[in-house]
Amino acid sequence: MTRFVDRGAIVAGYVGVGMAAVIVVSFLLVVPIELAAWLLMPLGGVIIGYYADSRSERQAGPWRRILGDAAWAGLLSAMSFVLLVLLIKGVFFFADDGYRGDVFGGRLDCQPGPACVYARYREADATGLAAGGITDVASFSAAYWRQQVTVGGAVAGLTLAGSLVGGLLFGLARPRDRARPEPTPGPQPG
């Protein structure tokens, strides 16, 4: 046991890093269903918060230790979610070459990178962008990354809150250290 968190919570934090990688890569890169990723991140926080205390084999002890274990694992998970999401968003932002597929009208006429992302957004909602003061690639890039950081902060907060909920659930349902009754002797073979 360390001074602030149990060893099991440290291990659970690393499990949370792996869980974050699986969720983000699965739902933002392999099968791009962003809504599934955003819903699974806070739920992953609940699971990892509960797991941190379970892995630490907590049966008794102060609530601050139970919630501290959950918060540690949740913090590692949340930071992993945010870093991986920003990394994948960055790859798509800077590597966009304007390809839309033949069904959607072929390739956009743009310089690869942020200019192509801006062209996509402008094609979808030019008046909305202009109303927001976004009139060129530079203003679009600044607004895009502000939005990504804001969403990342929300995801981190929800994941951390989820881990505290998981710790609370563990604390309410944890096995208690109860004295076990002695088994009563049955008939002895003769």
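Residues numbered from 1 in each chain as written. Predicted model: local features only at pLDDT ≥ 70, side-chain atom pairs only at ≥ 80, totals over all residues. Heavy atoms only, no water.

Engineer: Whenever I open this one, the packing of aromatic side chains confuses me. Can you help?
Structural biologist: Pairs of aromatic rings are described using the distance from one ring centre to the other and the angle between the two planes. Taken as a whole and judged by the stated rule, the model has eleven aromatic pairs. With a centroid separation of 4.6 Å and an interplanar angle of 20°, the aromatic rings of Phe93 and Tyr144 are classed as stacked. Residue Phe93 is found in helix α3 (residues 63-95), and its partner Tyr144 is found in helix α5 (residues 137-173); the two are separated by 51 residues along the sequence. Owing to a relative accessible area of 8%, Tyr144 belongs among the buried residues under this scheme. Linked through ring pairs, Phe93, Phe94, Tyr118, Tyr121, Phe140, Tyr144 and Trp145 together constitute an aromatic cluster. (Phe/Tyr/Trp six-rings, centres within 6.5 Å; stacked < 30°, edge-to-face > 60°. Helix = DSSP H or I, 4+ residues; strand = E, 2+ residues; numbered from the N terminus. Buried < 20%, exposed > 50% of the residue type's maximum accessible area, 1.4 Å probe, protein only.)

Engineer: Where do I start with helix α2 (residues 34-55) in this structure?
Structural biologist: With 22 residues, α2 ought to run about 32 Å at 1.5 Å a step, and its terminal C-alpha atoms sit 30 Å apart, in line with that. Bending of α2 peaks at approximately 25° at the position of Met41, with proline Pro42 no more than four residues after it. All buried positions along α2 are accounted for by Ala36, Ala37, Met41, Gly44, Gly45, Ile48, Gly49, Ala52 and Asp53. Tucked into the core, α2 has its buried residues touching α1 (7-30), α3 and α5. Glu57, located one to two residues past α2, shows a positive phi value of around 55°. (Expected span 1.5 Å × (residues − 1). Bend = angle between axes of the 7 residues up to and from the residue. Contact = heavy atoms within 4.5 Å.)

Engineer: Just to check I follow, could you spell out the environment of Glu34 for this structure?
Structural biologist: Residue placement: Glu34 occurs in helix α2. The partly exposed category is assigned to Glu34, whose relative accessible area is 35%. Sequence separation of Glu34 and Val24 is ten residues, and the distance between their C-alpha atoms is 8.8 Å.

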